Amino acid sequence: MLLVNPHSGKGQALSLFTGHVQHMLNEAGVPHTLVITERQNHARELVREADLSQWGALVIMSGDGLLFEVVNGLMEREDWEEAIQTPLGILPGGSGNALAASIHHYSGAQPVSSEELLVSCGFLLCKGLVSRMDLASVHLGSSPSNPTRLFSFLSLAWGFVADVDVESEKYRHVGAARFTMGTLVRLASLRVYKGRLAYLPVDEAKNWEPMSANATLTGPPDSLLVPLDQPVPSDWVVVPEEDFVLMLAMYQSHLAKDLYAAPNSTLDDGLIHLIYVRAGISRTALLRLFLAMEKGTHLANNCPHLVYTRVRALRLEPYSPKGVITVDGEVVEYGPVQAQVHGGIATLVAPPAGYRPQSPRRLP
Ligand SMILES: Nc1ncnc2c1ncn2[C@@H]1O[C@H](COP(=O)(O)OP(=O)(O)OP(=O)(O)O)[C@@H](O)[C@H]1O
């Protein structure tokens, strides 16, 4: 099933699909049914109810937001454990296209233009290789006794990055350049975000009483988390600083096509790559970090304000009453939030680790 959001990106997803990918699928003998999404949550409802045995894969042609709906629709099903093993595919039709860029990168290919990225993802779709993908379970807790849980395949952001993501929506007509424009605008009014950040380092992962053992939540138990109204367990690290410029948790390599934010990440490493920038960084140094992020060299920049660490779970408690938190680029309820990674629970149409593309052969 190929779900196309006709409004994604610059509003050309359907013509991009028919112009670049459809004939590739036909030539590769990949039968597909096109579903044009009609509204927000259409895809989520559709996959929640669908007879999944009919489909070899669920592929979306949109930005990451439509895949976010599909993942959460699958995880809301009674048979979530089986449902989330349905191979998921992505064709870049948005302006960010973080997962598509990550898959392209994992395939060993060099960075390319937006249209070439679409062709590359179409080609990988025709090949049909599948891999495991991590998901993070994210709890949003303005009401700690009844937290909302959702599943994320890409990122959790607060502060500078989340603000830029939301504020740059108005520049979406320029495509991927919207993030550069948004970054420059926000740099001009750089601010400090106050809150408490804590995390479970990779080596400390110990299981606690499963949090989702209550019957109301579908999905795997979050054995590393305790309820949001309780202090974090003793083996967590509480970051001493409470003034930040940004917090970014990534489970894939790219935050957008040209933002190679977590260069050490792989599709199913079972890790959250946590990056935070402490307050006190100058505008110039922050700009330098974002410029370096295009090449993925920002972590080697020796920036004293930047901290990078690999974790299994984290908790963020923002102090300011208003603000923006994004999950996979989508704005979610603002307030305390915690997450834990579930290694490799989803399946993605993407080449496995170590895959190297064959050099093109000339047809006889
Ligand atoms: N026909 C539709 N009309 C309006 N909204 C839709 C429609 N189909 C899907 N949506 C919604 O559009 C939202 C944005 O989609 P998505 O993130 O995939 O694309 P995008 O916003 O163009 O991508 P990007 O954020 O990279 O620019 C999704 O949350 C989805 O629910």
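Residue positions are given per chain, counted from 1 along the sequence in the order it is written. Predicted model: local features are reported for residues with pLDDT of at least 70 only, side-chain atom pairs are reported and counted for 80 or more only, and whole-chain, interface and lining totals are derived from all residues.

The protein carries the name sphingosine kinase in an unreviewed UniProt entry, which gives Salvelinus namaycush as its organism. UniProt positions are given in the numbering used here, feature names are shortened, and annotations may be inferred rather than shown by experiment. Of the comments in the UniProt record for the protein, the one headed Subcellular location (unreviewed entry) reads "Endomembrane system".

Details of the overall build of the protein
Scanning the protein from N- to C-terminus turns up nine helices and 15 strands. Radius of gyration means the value over C-alpha atoms here, while the globule rule gives 2.2 Å times the residue count to the 0.38 power. Computed over its C-alpha atoms, the radius of gyration of the protein comes to 20 Å, within 12% of the 21 Å expected for a compact globule of 364 residues. By its C-alpha atoms, the protein is 65 × 50 × 40 Å across when sized along the principal axes. With C-beta atoms placed from the backbone, a residue is buried if 20 or more other C-beta atoms are within 10 Å of its own, exposed if 12 or fewer are, and partly exposed between those counts. Across the 364 residues of the protein, 45% fall into the buried class. Taking as baseline every contact in the protein between residues at least 6 positions apart, the subset at least 24 positions apart corresponds to 76%. Counting from the N terminus, the helices are DSSP H or I runs at least four residues long and the strands are E runs at least two residues long. Here the contact rule is simple: place C-beta atoms from the backbone, and any two residues whose C-beta atoms are within 7 Å are in contact.

Focus: the site of the ligand
Using the backbone to place each C-beta atom, any residue with that atom within 6 Å of a molecule or strand is considered near it. Residues in contact with the ligand amount to 23 residues; listed here are only the nearest, T37, G63, G65, G94 and G96. Per element, the largest residue contribution to the shell around the ligand is four residues, and it comes from helix α3 (residues 64-75).

Considerations on the nonpolar core
L67, V70, V71, L91 and I272 are the most contacted members of the largest nonpolar core, which totals 99 residues. Per the annotation, domain bounds derive from an automatic or database assignment of domains. Taken domain by domain, the makeup of this core includes at least three residues from each of domain 1 (2-133) and domain 2 (136-345). If near-sequence neighbours (up to four positions away) are discounted, V71 is found in contact with L135, F151, F153 and A346. By definition, a nonpolar core groups buried Ala, Val, Leu, Ile, Met, Phe, Trp, Tyr and Cys residues that are joined through C-beta atoms within 7 Å.

Brief notes about the domain arrangement of the protein
Partitioning the protein into structural domains gives domain 1 (2-133) and domain 2 (136-345). At the junction of the two partners, domain 1 supplies 28 residues and domain 2 supplies 25 residues. Here the side of domain 1 that touches domain 2 gets seven residues from one element, more than from any other, and that element is α3. Asp, Glu, Lys and Arg are counted as charged, while Ala, Val, Leu, Ile, Met, Phe, Trp, Tyr, Cys and Pro are counted as nonpolar; the rest, among them Gly, fall into the polar class. In terms of residue class, the side of domain 1 that touches domain 2 is made up of 12 nonpolar, 10 polar and six charged.

As for the pairing of strand β7 (residues 155-159)
Where burial is concerned, most of β7 is hidden: five out of the five residues are buried. Looking at chain direction, β7 and strand β10 (residues 243-250) are connected through five bridges and run antiparallel. Following the sheet pairing, A157 is matched in β10 by L248. Strands are treated as partners if at least two bridges between them are detected by DSSP. Relative to strand β13 (residues 325-327), β7 runs antiparallel, the two sharing three bridges. Directly across from W158, in β13, lies its bridge partner I325.

Regarding the packing of helix α1 (residues 13-27) against helix α6 (residues 114-127)
The angle between two axes is taken between their N-to-C directions and runs from 0 to 180 degrees, where each axis is a line fitted to C-alpha atoms and a helix contributes only its stretch in contact. Two numbers describe how α1 lies on α6: the axes approach to 9 Å, and their chain directions differ by 30°. Judged by the inter-axis angle, α1 sits roughly parallel to α6. Relative to α6, α1 is oriented so that their crossing is right-handed. Contact with α1, carried on its side by L16, H20, V21, M24 and L25, involves E115, L118, V119, G122, F123 and C126 of α6 and no other residues of that element. Broken down by class, the residue content of the contact of α1 with α6 amounts to eight nonpolar, two polar and one charged. To sort the angles, those under 35 degrees are grouped as roughly parallel, those over 145 as roughly antiparallel, those from 65 to 115 as roughly perpendicular, and the leftovers as oblique. By convention, the crossing between two helices is left-handed when the near helix turns anticlockwise from the far helix through less than a right angle, and right-handed when the turn is clockwise.

Side note on the packing of helix α7 (residues 160-167) against helix α8 (residues 178-188)
When two helices pack together, their arrangement is captured by the angle between the axes and the distance separating the axes. Packing of α7 against α8 leaves a shortest axis separation of 9 Å and a crossing angle of 120°. Of the possible angle classes, the one that applies to α7 and α8 is oblique. As for the relative orientation of α7 and α8, their crossing is right-handed in sense. Where α7 abuts α8, its residues F160, D163, V164 and E167 lie against F179, G182, T183, V185 and R186. Each residue belonging to the contact of α7 with α8 can be placed in one class, and the counts come to four nonpolar, two polar and three charged.

Notes on α8
Listing the buried residues of α8 in full gives R178, F179, G182 and T183. Viewed end-on, α8 has its buried residues packed into an arc of 130°, placing them on one side of the element. Of the surrounding elements, those touching the buried residues of α8 are α7 and α9 (283-293). Each C-beta atom gives one direction from the helix axis, and the arc is the one those directions make.

Some thoughts on the pairing of strand β6 (residues 148-152)
The buried fraction of β6 amounts to four of the five residues, a majority that puts the element mostly inside the structure. Inspection of the sheet shows strand β5 (residues 130-140) paired to β6 by five bridges, in the antiparallel sense. Residue A136 lies in a different strand from β6, and its bridge partner there is S152.

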